[in-house]
Amino acid sequence: MTSAALTAIIVAVFAAETALVVALRNHRRATYIMVYIVALILLVYKSQEFIRDNIAKNGIYPVEFSHISYFVLGVTVVTGSKKMRAFASYCSMLAGLSFMIASIISSQSMINDAASSFSLGISVTQHMLLWLCGFALFLTIGHFEIKDIWIPVLGIALMVGFSYLVHLRIIYPDFNKWDDMVIIKIAEGTILSYVIEGEISIGLRIFTVAGIAVLVAATLVLFYVVNDKYYKYKIRRCEHMGIKPDTTEIGIFPLIAKAARKKFENKKADFYNCNKV
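Rules behind the numbers
- Residues numbered from 1 in each chain as written.
- Predicted model: local features only at pLDDT ≥ 70, side-chain atom pairs only at ≥ 80, totals over all residues.
- Heavy atoms only, no water.
- Phe/Tyr/Trp six-rings, centres within 6.5 Å; stacked < 30°, edge-to-face > 60°.
- Helix = DSSP H or I, 4+ residues; strand = E, 2+ residues; numbered from the N terminus.
- Buried < 20%, exposed > 50% of the residue type's maximum accessible area, 1.4 Å probe, protein only.
- Core = buried A, V, L, I, M, F, W, Y, C linked by side-chain atoms within 4.5 Å.
- Contact = heavy atoms within 4.5 Å.
- Axes fitted to C-alpha atoms, helices over the stretch in contact; angles between N-to-C directions.
- Parallel < 35°, antiparallel > 145°, perpendicular 65-115°, else oblique.
- Left-handed = near helix turned anticlockwise from the far one by under 90°.
- Nonpolar A, V, L, I, M, F, W, Y, C, P; charged D, E, K, R; others polar.
- Patch = residues over 30% accessible without salt bridge, like charges linked within 9 Å, V, L, I, M, F, W, Y side chains within 5 Å.
- Areas by Shrake-Rupley, 256 points an atom, 1.4 Å probe, with all protein chains shown as cover.
- Salt bridge = Lys/Arg side-chain N within 4 Å of Asp/Glu carboxyl O.

S.K.: I'd love a proper account of the packing of aromatic side chains, names of residues and values included.
M.R.: In this description, a pair of aromatic rings is defined by centroid distance and the angle of the planes. Counted under the stated rule, the structure contains twelve aromatic pairs. Both rings, one in F135 and one in F138, keep their centres 6.4 Å apart while their planes meet at 20 degrees; by these two values the pair is stacked. Pair noted here: F135 and F138 are both in helix α5 (residues 117–141), with a separation of three residues, about one helical turn. According to the relative accessible area criterion, F135 is buried, its value standing at 11%. Ring plane angle 85 degrees and centroid distance 6.3 Å describe the contact between F162 and Y172, whose orientation is recorded as edge-to-face. Linking F162 in helix α6 (residues 150–167) with Y172 in the loop between α6 and α7 (182–188), this pair joins segments that are ten residues apart in sequence. Relative accessible area serves as the criterion here: at 24%, F162 is assigned to the partly exposed category. Y172 gets classed as partly exposed once you look at its relative accessible area, which sits at 23%. Members of the aromatic cluster, each reached through a chain of ring pairs, are F14, Y90, W131, F135, F138, F144, F223 and Y224.

S.K.: Mind laying out the nonpolar core, listing which residues take part and the relevant values?
M.R.: Residues I10, L73 and F223 are the most contacted members of the largest nonpolar core, which totals 55 residues. Listed by contribution, the elements that provide at least two residues to this core are α1 (3–23), α2 (28–56), α3 (65–79), α4 (85–113), α5, α6, α7 and α8 (202–241). Looking at this core, the element that brings in the most residues is α5, giving 13 residues. Residues in contact with F223, not counting those within four places in the same chain, are A86, S89, Y90, M93, F138 and F144.

S.K.: Mind laying out the packing of α2 against α3, listing which residues take part and the relevant values?
M.R.: Following both chains from N to C, one finds α2 and α3 inclined at 130 degrees, their axes separated by 8 Å at the closest point. As judged from the angle between their axes, α2 and α3 are oblique. Note that α2 runs across α3; the crossing there is left-handed. Seen from α2, the contacting residues are V35, Y36, A39, L40, L42, L43, K46, S47 and F50; seen from α3, they are Y70, F71, L73, G74, V75, V77 and V78. A per-class count over the contact of α2 with α3 returns 13 nonpolar, two polar and one charged.

S.K.: Which residues make up a nonpolar patch on the surface, and what values do they have?
M.R.: Together, V11, L97, I101, I104, I105, V182, I186, Y194, V195, I196, L204 and F207 give the surface a local cluster of nonpolar side chains, amounting to about 980 Å² of exposed area. Those elements that provide at least two residues to the nonpolar patch are α4, α7 and α8. Broken down by element, the nonpolar patch gets its largest block of residues, four residues, from α4. Mapped onto the fold, L97 is located in helix α4.

S.K.: Just give me the short version of the pattern of salt bridges, but keep the residues and values in it.
M.R.: One pass over the structure, following the stated rule, counts ten salt bridges. Taking the shortest distance from any N to any O, the salt bridge between E249 and R28 comes out at 3.2 Å. With a gap of 221 residues between them, E249 in the loop between α8 and α9 (252–276) and R28 in helix α2 connect regions that are remote in the sequence. Of the residues examined, E249 reaches a relative accessible area of 25% and is grouped as partly exposed.

Below is the structure:
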């Protein structure tokens with residue numbers, strides 16, 4: 001496969017998924033079911049992959065930003081955790097969008113790094129599914145309040161810290177790519193090596209790291225503000241149309257909460273029935 005063909009495929013899939021989520025923006029339940037199924041499949045697949053690699057002891061671990069995002073997304077959606085939803089959405093969107101941009105800038109490096117055409121196809125599929133789920137959580141499913149912005153900030157900091165522990169060989173000392181981690185290249189400003197030949201100067205590296213930090217901070221704030229405004233617009237629209245907003249929740253936590261409420265209501269009913277007698 002040529003680099004141009006790979007770029008065209010990734011951009012086309014990215015555009016199609018974006019259009020699909022936008023088309024389903026007024027169908028929260030259907031969108032939620034789709035996201036739940038995809039996130040569950042990704043979680044199961046990445047978990048078995050992690051277990052398989054550990055058994056094989058081949059020095060492969062999920063340490064990159066996108067690798068961790070699969071688990072953050074899967075666990076968040078499967079459990080139905082509202083507080084973690086913004087973190088999962090932002091990480092998934094960032095991983096998917098970055099992958100698409102990388103395919104435009106340096107798709108040949110993706111081809112060179114891939115073990116086979118099959119593994120390349122799996123990588124493309126997984127990253128694009130991250131974008132699908134992340135964007136759907138953002139546009140249709142979740143309401144993210146700015147007061148909770150500390151959660152993704154802390155989460156991203158922990159992800160970078162974890163990656164540094166791997167890079168320093170404190171965690172997973174047998175990891176075979178400890179000195180070739182994309183997240184470390186971003187944190188140290190050497191990510192420009194993909195587009196600039198030769199040694200990257202210290203000044204340019206510092207400028208790159210500062211620029212990325214500002215970009216992440218700005219996009220994170222914008223992420224919350226746009227989501228909140230769009231959510232309030234949907235509420236006003238429902239009120240204007242005289243319909244009740246869909247508040248469907250799927251996952252382990254909502255199921256437990258529903259069972260607890262039902263048990264409490266039954267006890268309350270029994271109590272009042274006793275009093276009546």
